[in-house]
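A closer look at the structure
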Amino acid sequence: MYGVLLIVVLIITGGAIAFIGDRLGSKVGKKKLSIFGLRPRHTSIIVTIFTGVCITTLTFGVMAAASQNVRTALFGMEKLNQKMKTTQASLNQATEDLQAAQQQQQEANDALDQSRKDVETLKAQQQELEAESQRLQEGNRLLELAKAELMQRNDALVAQNDQLGQQNSSLSSANTALQGQNSLLTGKNEELTGKNASLTADNKDLETRNQDLRNGLLTIREGDIVFRAGEVIASGVIRGNRPAAEVDKDLQSLAQLASRNVSSRLGRNVSDKDVWIYKPEYNSAVQAIASSPQDMVVRIVAAGNLVRGEEVRASLELYKNSIIYKDREFILARPIALKGVGSGGAEQAVMSFLKEVNAAASAKGILPDPIRGSIGVMDGAQFYEVVNAINGMHGTVVLSAYAKGDTDALGPLRLIIKEEQMSDQP
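Notes on the structure in this doc start here. (Residues numbered from 1 in each chain as written. Predicted model: local features only at pLDDT ≥ 70, side-chain atom pairs only at ≥ 80, totals over all residues. Heavy atoms only, no water.)

Scanning the protein from terminus to terminus reveals nine helices and 12 strands. Across the 426 residues of the protein, 24% fall into the buried class. Partitioning the intrachain contacts of the protein with sequence separation of at least 6 by distance along the chain shows that 73% fall at a separation of at least 24. For the protein, the accessible area works out to roughly 27900 Å², and carbon and sulfur atoms hold 54% of it. (Helix = DSSP H or I, 4+ residues; strand = E, 2+ residues; numbered from the N terminus. Buried < 20%, exposed > 50% of the residue type's maximum accessible area, 1.4 Å probe, protein only. Contact = heavy atoms within 4.5 Å. Areas by Shrake-Rupley, 256 points an atom, 1.4 Å probe, with all protein chains shown as cover.)

Okay, here's the thing in structure tokens:
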């Protein structure tokens, strides 16, 4: 609107000056006026030229007076071009600085994510070490109690041995005094001597066991525990309701698997004969499986803390087997409120949900790991996929767990996790 008004003003001003010049030229021509002694015709030409100069001068004057942009175009164009170049250079530098800052921010975010993963790994390792420390302290307490009991028994046997020695000396004196009863006393003396020898042997055996317990205590404190008490060495499912010979063959195969697992853990070859299982317990397990109408889950577990260099003592655990979850069967669902929860809170919420799934599946019949108590497997990629999915949601999210494939009592339970956004109701 301002430009149109300026053009209209210029047109009117130019027309007015042209009209005045024309009228002035006409009057000069009619009156035949002369300027500077020139002829009238030449004087009229000079007036016309002067009128055109006035038009141009007045046009630029009006435009410069009315518009700052015209003044800038006429008198400040070079300064404006220089300022535009400077501004463009500043803009380019600012763009480069912004790109560098964005790259540094991305690197910092990557480093922060890695630090969070390292912190979670260290927390898990710390929990395992604390649990291991508690188990070792309990083992030390039991060994100390056994050691105290054996020392008491040793003291009692030593006192009994001294008492029998005194009785033997007394009987020997009575034997010298009573030559008439030599035969009878000699027999009693021989009997007491035999008991004395037996007690002496028992005393030495107890001293040996006491030393073994001390060595075992030192081994527990300083040794290398390969398998903890109750830890599963090997496990499998054996069909029931079959001849005992076939069941025995399957149990031997499971014992061979246990020997391979022990060999892998120890770093040396261990035969299935080196995995020692109490024979009556083994025979009882064969009979129980052979007479069972159901398949049985068999676990070979460490009978105690297995220290490197000791015998591999194991025991058998039997459980009835059945399909606990079918493929795609629903397990558990829980709502999670995401309001005000960051990335760490989302991870904690998913971990809490997985613990509830673990408890539900264990209650339904899936056998947990004796050491860690876990029953399922879930890789890190699947876990963080669920975390990233709920991070992109708001409000309340329902997490649902389904079985991935048919799962029996032996496990492990593999999961399918689904996320569903709940609509906020007024």
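Our next topic: the sheet that holds strand β3 (residues 275–277). The four strands lie next to each other as β2-β4-β6-β3, forming an open sheet whose pairing is mixed. For this open sheet the edge positions go to β2 (232–238) and β3, each flanked by a neighbour on one side alone. Neighbour-to-neighbour, the strand axes of this sheet turn through a mean angle of 30 degrees, independent of strand direction. Where β2 and strand β4 (residues 296–302) come together, six bridges link them in antiparallel fashion. Considered in β4, the bridge of alanine 234 is made with isoleucine 300. Against the sheet, helix α6 (residues 244–266) touches β2, β3, β4 and β6 (312–320), its axis set at about 150 degrees to β2. Here helix α7 (residues 279–291) sits on the sheet in contact with β2, β3, β4 and β6, set at roughly 20 degrees to β6. (Pairing = 2+ DSSP bridges. Axes fitted to C-alpha atoms, helices over the stretch in contact; angles between N-to-C directions.)

In this section: the pairing of strand β10 (residues 396–403). Within a regular strand, side chains alternate between the sheet's two faces. Summarising burial for β10: six of the eight residues are buried, a large majority. Bridge count for β10 against strand β12 (residues 413–421) is seven bridges, and the pairing is antiparallel. Directly across from tyrosine 402, in β12, lies its bridge partner isoleucine 416.

It is at 9 Å that the axes of α6 and α7 come closest, and there the two elements cross at 120 degrees. Taken together, α6 and α7 sit at an angle that is classed as oblique. Once α6 is placed against α7, the crossing between them reads as right-handed. Residues Ala244, Val247, Asp248, Leu251 and Gln252 of α6 form the contact with α7, whose own contacting residues are Tyr282, Val286, Gln287, Ile289 and Ala290. Split by residue class, the contact of α6 with α7 holds seven nonpolar, two polar and one charged. (Parallel < 35°, antiparallel > 145°, perpendicular 65-115°, else oblique. Left-handed = near helix turned anticlockwise from the far one by under 90°. Nonpolar A, V, L, I, M, F, W, Y, C, P; charged D, E, K, R; others polar.)

Core analysis: the largest hydrophobic core is formed by 27 residues, its most contacted members being Tyr325, Ile331, Val350, Leu399, Leu413 and Ile417. Of all elements in the fold, only β7 (323–325), β8 (330–337), α8 (343–364), α9 (380–391), β10 and β12 reach the threshold of two or more residues within this core. Considering every element that reaches this core, the biggest residue donor is α8, with seven residues. Excluding anything up to four places from it in sequence, valine 350 contacts Phe383, Val386, Val387, Ile390 and Leu399. (Core = buried A, V, L, I, M, F, W, Y, C linked by side-chain atoms within 4.5 Å.)

Quick look at a positive patch on the surface now. A cluster of like positive charges, contributed by Arg328, Lys404, Arg414 and Lys418, occupies part of the molecular surface. Relative to the helices and strands, arginine 414 resides in strand β12. (Patch = residues over 30% accessible without salt bridge, like charges linked within 9 Å, V, L, I, M, F, W, Y side chains within 5 Å. Salt bridge = Lys/Arg side-chain N within 4 Å of Asp/Glu carboxyl O. Lys, Arg positive; Asp, Glu negative; His and termini not counted. Charge placed at Lys NZ, Arg CZ, Asp CG, Glu CD.)

For α6, which comprises 23 residues, the first-to-last C-alpha distance of 32 Å matches the rise-based estimate of 33 Å (1.5 Å per residue) to within 8%. Along α6, the residues classified as buried are Val247, Leu251, Leu254, Ala255, Ala258, Ser259, Val262, Ser263 and Leu266. Following α6 by one or two positions, glycine 267 adopts a phi angle in the positive range, close to 80 degrees. (Expected span 1.5 Å × (residues − 1).)

Moving on: the packing of aromatic side chains. Applying the stated criterion across every chain yields a total of one aromatic pair. Aromatic side chains phenylalanine 330 and tyrosine 402 sit 5.6 Å apart centroid to centroid with 65 degrees between the ring planes, which places their arrangement in the edge-to-face category. Here phenylalanine 330, found in strand β8, pairs with tyrosine 402, found in strand β10; they are 72 residues apart in sequence, far enough to count as distant. Residue class for tyrosine 402 comes out partly exposed when judged on its relative accessible area of 21%. The ring of tyrosine 402 is capped by lysine 418, whose NZ or CZ atom sits 4.9 Å from the centre of that ring. (Phe/Tyr/Trp six-rings, centres within 6.5 Å; stacked < 30°, edge-to-face > 60°. Lys NZ or Arg CZ within 6 Å of the ring centre and 35° of its normal.)

To continue, consider unusual backbone geometry. A positive phi is found at asparagine 241, a non-glycine position, where the angle reads about 55 degrees. The topology assignment puts asparagine 241 in the loop between β2 and α6. Assessed through its relative accessible area of 59%, asparagine 241 is described here as exposed. The phi dihedral of arginine 328 falls on the positive side, at around 70 degrees, and the residue is not glycine.

Scanning the model with the defined rule gives five salt bridges in all. As a salt-bridge pair, arginine 141 and glutamate 138 come within 2.5 Å of each other at their nearest N and O atoms. Here arginine 141 pairs with glutamate 138, and both are found in helix α4 (residues 77–177), just three residues apart, close to one helical turn. A residue is classified by how much of its surface remains accessible, and glutamate 138, at 36% relative accessible area, is partly exposed. The closest approach of N and O atoms between aspartate 250 and arginine 242, which form a salt bridge, is 2.3 Å.

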